[in-house]
Amino acid sequence: MEETVIVAHKIFKAFGEGETEIQALRNVDLGIKRGDFAAIVGPSGSGKTTLLNILCGLDNVSSGEIKVSGRSLQEMSGSELAQFRREHIGLVFQAYNLIPVLTVLENIEYVMLLQHVPAADRKERVHTFLAELGLEGKENKFPAELSGGQQQRVAIARAMVSKPDIILADEPTANLDSETGGQLLEMMRKFNEELKMTFVFSTHDPQIMERAKRLITLTDGRIVSDELK
Amino acid sequence: MLLKLAWRNLWRNRTRTWLSALVIAIGLVAMIFMDTMMVGMNTNMVKNATDSLMGHAQMHALGFRDEQDVKLTINDLDQALLQLEKHPDLKARSLRIVTQSMLSSSGGGEPVLSLGVDPEEEQLLSKFDEAIIEGEYLDSVSGQKLILGWKLAEKLELGLGDRLVLTAADAESGEMVQELFRLSGIFKTGEEKMDASMVLVARKTLQSMLKLEGRIHQIALRYSKLTQDGTPVNPLKKPDDSSKNELLLWTELMPSLYMISQMTDLSMAIMGTILFLIIALGITNTLLMGLYERMFEFGVIKSIGTTPWQAARIMLFEAVCLGFVSIIVGLILALFVTALFVNYGIDYTGIEFSGVTFQEKIYPSYKWSRLVLYPFMSLGFTLLASLYPAFKLWKMLPVEALRKRKF
């Protein structure tokens, strides 16, 4: 039986208080297994990004429990959460989320530097990913010198290079044209199949929905369907 | 990596960084320049005071300074002189007879302070020989020549060669005794008191007149090695109370002058603190602007595994980098500005301050410890200025920062 890397149990999340309170998530139960390639879909305001933020410990729950790789996120301090994300979770945001003053190489190795990965190992892993993602020769370019698609590939490399248990991607193709978006998705699918990496997307993109092995649909903060394809 | 990130962040808005660096640098220049001028002024005042009459130190019999009693001469003079001869840093000494007396001429009389000196010894200690404006300096340890200040000469309408009578109480009986002298020179020291009420005569003549043969009221000393404050590096050991003599440094002989230099240090410290605090507030504002502009970016940095303390360190490193750039710019500017004044000086000649008249232009003078202290102060205050932005960054929740995205 495959290991469950994320367990969300009876998650509630509210923003605001009193009359202005908005329930973003209501009684969400979710399990993500190792090797999943899952997409959380739903209309705008349905709670997709909130759920993703909660799954990686960027946001707190109002009630309920989240366990990632067997560790309860609610019990961790801000510093512990940062270290936990560094070791176990890779994040991919919408486009333009690289550190603009660092080169491609430095952006990719940033997390590994925080992890104190030895230089030789770091170099090898960076170059492997650069080759896999077709970014050879761009090592010393700054993000502003790259196209949107290239920047997103660097972001994917940064998220994956430290070998996390899970990659969470918030609308990773939202700012890309469909061809570039499709290529990126193919790459991620390849990593998912070859390296057994776990991917969870929040998306509106039909391309992602088409390629996802599992579709979780959120409406008004509730999971209304969870289907395996 | 965090340092590299901070350094590159600093140069994202070059104009703002250079302006901030310039503000700190100008503060540093102001502090260094003011300090060098203050040190220069103090050095000038101390030099004027110690070069004219006082010397760096003086030895007297206990009580002489307060009572000015002609009978109070240095006890066991031979032993005292032996002690002085052994000291390696002693450059010059002048054995003096000092007495209050009345100087009379055909034009009238004036109370004066009479100094009996050996002209050769005195030449090495004070600058009376250089201050002669008319006639000549004394030429012998005995004889009837007398020199006095130009103001006294004017008051008594004296000219070179005029005969003068000095009247004072002798040391044996306290009876008034008189001696005839001839005016051989007129000096102008620039010191009001000396120019208006002091006469110098040959020491042996005055000793004989006051029945003080072989006895001395005062030994003025000049050291060869001085600290930047003008105090001897290796001062003579103070005599025991049993000797009934006292040996006082100029800091004790003229405490007001010493106090001024101490007060200068204190006022510079207060001024520096206020100046750097004002600058620090400006830097805090600049760093906060930078923080708010890059809020989303810091959100990304924190969300991918940078701990709150590591994120705060980025801000602290930015401040340190800014501090170092400012220090380099500030030191270059400060050296340039002070070098200008080292060449030209500031002319306060003739102005009297705390009993000392400036005889020369004031030139900036460095205290190396301060050249280290002020840059460290500016770095410290820059770092202090970054504490609040660093704290904000430390506390900032990545999810809230990610919502600040600029589209």
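Residues numbered from 1 in each chain as written. Chains lettered and ligands numbered in written order. Predicted model: local features only at pLDDT ≥ 70, side-chain atom pairs only at ≥ 80, totals over all residues. Heavy atoms only, no water.

## A look at the overall build of chain B
Logical step 1: Counting secondary structure elements, chain B contains 14 helices and 12 strands.
Logical step 2: For chain B, whose C-alpha radius of gyration is 32 Å, the value lies well above the compact-globule estimate of 22 Å for 407 residues.
Logical step 3: With respect to the three principal axes, the spread of C-alpha positions in chain B is 100 × 45 × 30 Å.
Logical step 4: With 407 residues in all, chain B has 54% of them scored as buried.
Logical step 5: Surface accessibility of chain B: about 18900 Å² in total, with carbon and sulfur atoms responsible for 60%.
Logical step 6: Charged side chains in chain B number 41 positive and 43 negative. The centres of these two groups are separated by 19 Å. (Helix = DSSP H or I, 4+ residues; strand = E, 2+ residues; numbered from the N terminus. Rg over C-alpha atoms; globule rule 2.2 N^0.38 Å. Buried < 20%, exposed > 50% of the residue type's maximum accessible area, 1.4 Å probe, protein only. Areas by Shrake-Rupley, 256 points an atom, 1.4 Å probe, with all protein chains shown as cover. Lys, Arg positive; Asp, Glu negative; His and termini not counted. Charge placed at Lys NZ, Arg CZ, Asp CG, Glu CD.)

## Re the layout of surface pockets
Logical step 1: Approximately 890 Å³ is the volume found for the largest pocket.
Logical step 2: Forming the walls of the largest pocket are 26 residues, and the residues nearest its centre are L53(B), L113(B), K193(B), M194(B) and M198(B).
Logical step 3: In terms of residue class, the lining of the largest pocket is made up of 12 nonpolar, nine polar and five charged.
Logical step 4: Of the pockets and cavities examined, the second largest pocket occupies roughly 700 Å³.
Logical step 5: If you trace the second largest pocket, you find 31 residues lining it, with T49(A), T50(A), N53(A), Q94(A) and D170(A) closest to the centre.
Logical step 6: Every element with two or more residues in the lining of the second largest pocket is listed here: strand 2 (22-33), helix 1 (48-55), strand 6 (89-92) and strand 7 (166-170) of chain A together with helix 14 (398-402) of chain B.
Logical step 7: Top element by residues in the lining of the second largest pocket is helix 1 of chain A. It accounts for five residues. (1 Å grid on protein atoms, 1.4 Å probe; cavity = no way out; pocket = protein on both sides within 12 Å on 5 of 7 lines; lining within 4 Å. Points joined across faces, edges and corners; volume = space filled by probe spheres on them. Nonpolar A, V, L, I, M, F, W, Y, C, P; charged D, E, K, R; others polar.)

## Considerations on the sheet that holds strand 7 of chain A
Strand pairing in a sheet relies on backbone hydrogen bonds, with the paired strands running either antiparallel or parallel.
Residues and elements named next belong to chain A.
Logical step 1: One open sheet holds the six strands; their spatial order is 6-7-8-3-9-10, and the pairing between them is mixed. Two strands bound the open sheet, and with one partner strand each, they are strand 6 and strand 10 (222-228). When strand polarity is set aside, the average angle formed by the axes of neighbouring strands in this sheet is 15°.
Logical step 2: As paired strands, strand 7 and strand 8 (residues 198-203) are joined by five bridges and run parallel to one another. (Pairing = 2+ DSSP bridges. Axes fitted to C-alpha atoms, helices over the stretch in contact; angles between N-to-C directions.)

## Here's the deal with the sheet that holds strand 1 (residues 4-15) of chain A
Residue and element names in this part refer to chain A.
Logical step 1: Ordered by their spatial adjacency, four strands build an open sheet running 2-1-4-5, and the pairing between neighbours is antiparallel. Sheet topology places strand 2 and strand 5 (71-72) at the edges, where each strand pairs with a single neighbour.
Logical step 2: Packed on one face of the sheet, helix 1 meets strand 1, strand 2 and strand 4 (63-68) and runs near 55° to strand 2. (Contact = heavy atoms within 4.5 Å.)

## A short note on the nonpolar core
Logical step 1: I32(A), I66(A), Y110(A) and L168(A) are the most contacted members of the largest nonpolar core, which has 85 residues in total.
Logical step 2: Here the element with the most residues in this core is helix 12 (residues 308-344) of chain B; it accounts for 11 residues.
Logical step 3: For L168(A), the residues in contact, after removing those within four places along its chain, are I6(A), L52(A), L55(A), C56(A), I89(A), G90(A), L91(A), V92(A) and V200(A). (Core = buried A, V, L, I, M, F, W, Y, C linked by side-chain atoms within 4.5 Å.)

## Description of helix 2 (residues 14-54) of chain B
All names here are of chain B.
Logical step 1: When the terminal C-alpha atoms of helix 2 are compared, their 57 Å separation across 41 residues agrees well with the 60 Å that a helix rising 1.5 Å per residue should span.
Logical step 2: Most of helix 2 sits inside the fold, with 29 of its 41 residues counted as buried.
Logical step 3: Of the residues trailing helix 2, G55 is marked for its positive phi of about 75°. (Expected span 1.5 Å × (residues − 1).)

## Re the packing of helix 10 (residues 255-293) of chain B against helix 13 (residues 368-395) of chain B
All names here are of chain B.
Logical step 1: At a minimum axis separation of 8 Å, helix 10 and helix 13 run at an interaxial angle of 35°. Note on packing geometry: the crossing formed by helix 10 with helix 13 is right-handed.
Logical step 2: For the contact of helix 10 with helix 13, the class distribution of residues is 17 nonpolar, six polar and three charged. (Left-handed = near helix turned anticlockwise from the far one by under 90°.)

## A short note on the packing of helix 3 (residues 104-114) of chain A against helix 4 (residues 119-132) of chain A
Residue and element names in this part refer to chain A.
Logical step 1: Two numbers describe how helix 3 lies on helix 4: the axes approach to 10 Å, and their chain directions differ by 130°. Relative to helix 4, helix 3 is oriented oblique. Helix-helix and strand crossings are classified by hand; for helix 3 and helix 4 the assignment is right-handed. Within the contact between the two elements, helix 3 uses V104, L105, I108, E109, M112 and L113 and helix 4 uses R122, R125, V126, H127 and L130.
Logical step 2: Taken together, the residues of the contact of helix 3 with helix 4 break down into seven nonpolar, one polar and three charged. (Parallel < 35°, antiparallel > 145°, perpendicular 65-115°, else oblique.)

## Quick look at the interface of chain B and chain A
Logical step 1: At the interface, 24 residues of chain B touch 29 residues of chain A.
Logical step 2: The interface formed by chain B and chain A contains two salt bridges.
Logical step 3: With its nearest N and O atoms 2.5 Å apart, the salt bridge here joins E106(A) to R8(B).
Logical step 4: Counting across the chain B and chain A interface gives eight residue pairs in polar contact (both at pLDDT 80 or more).
Logical step 5: Looking at the side of chain B that touches chain A, the elements that each hand over two or more residues are helix 1 (2-10), helix 11 (295-303), helix 12 and helix 14 of chain B.
Logical step 6: Here the side of chain B that touches chain A is built from residues that sort into 11 nonpolar, six polar and seven charged. (Salt bridge = Lys/Arg side-chain N within 4 Å of Asp/Glu carboxyl O. Polar contact = N/O pair within 3.5 Å; in protein donor to acceptor, adjacent residues only side chain to side chain.)

## A short note on the environment of A6(B)
Residue and element names in this part refer to chain B.
Logical step 1: The residue A6 is located in helix 1 in this model.
Logical step 2: Classification of A6 by relative accessible area gives buried; the value is 0%.
Logical step 3: Expressed as a C-alpha distance, the spacing of A6 and L316, which sit 310 residues apart in the sequence, is 8.4 Å.
Logical step 4: Those residues within four positions of A6 in sequence are excluded, and the remaining contacts are I314, F317 and E318.

## Remarks on empty space enclosed by the protein
All names here are of chain B.
Logical step 1: Following the criterion strictly, the structure yields four cavities of 30 Å³ or more and no others.
Logical step 2: Here the largest cavity defines a volume of roughly 120 Å³.
Logical step 3: Lining the largest cavity are 14 residues, with V39, N42, D229, S261 and K367 positioned closest to its centre.
Logical step 4: Among the elements of the structure, helix 2 and helix 10 are those that each provide at least two residues to the lining of the largest cavity.
Logical step 5: Here the lining of the largest cavity takes six residues from helix 2, the largest share from any one element.

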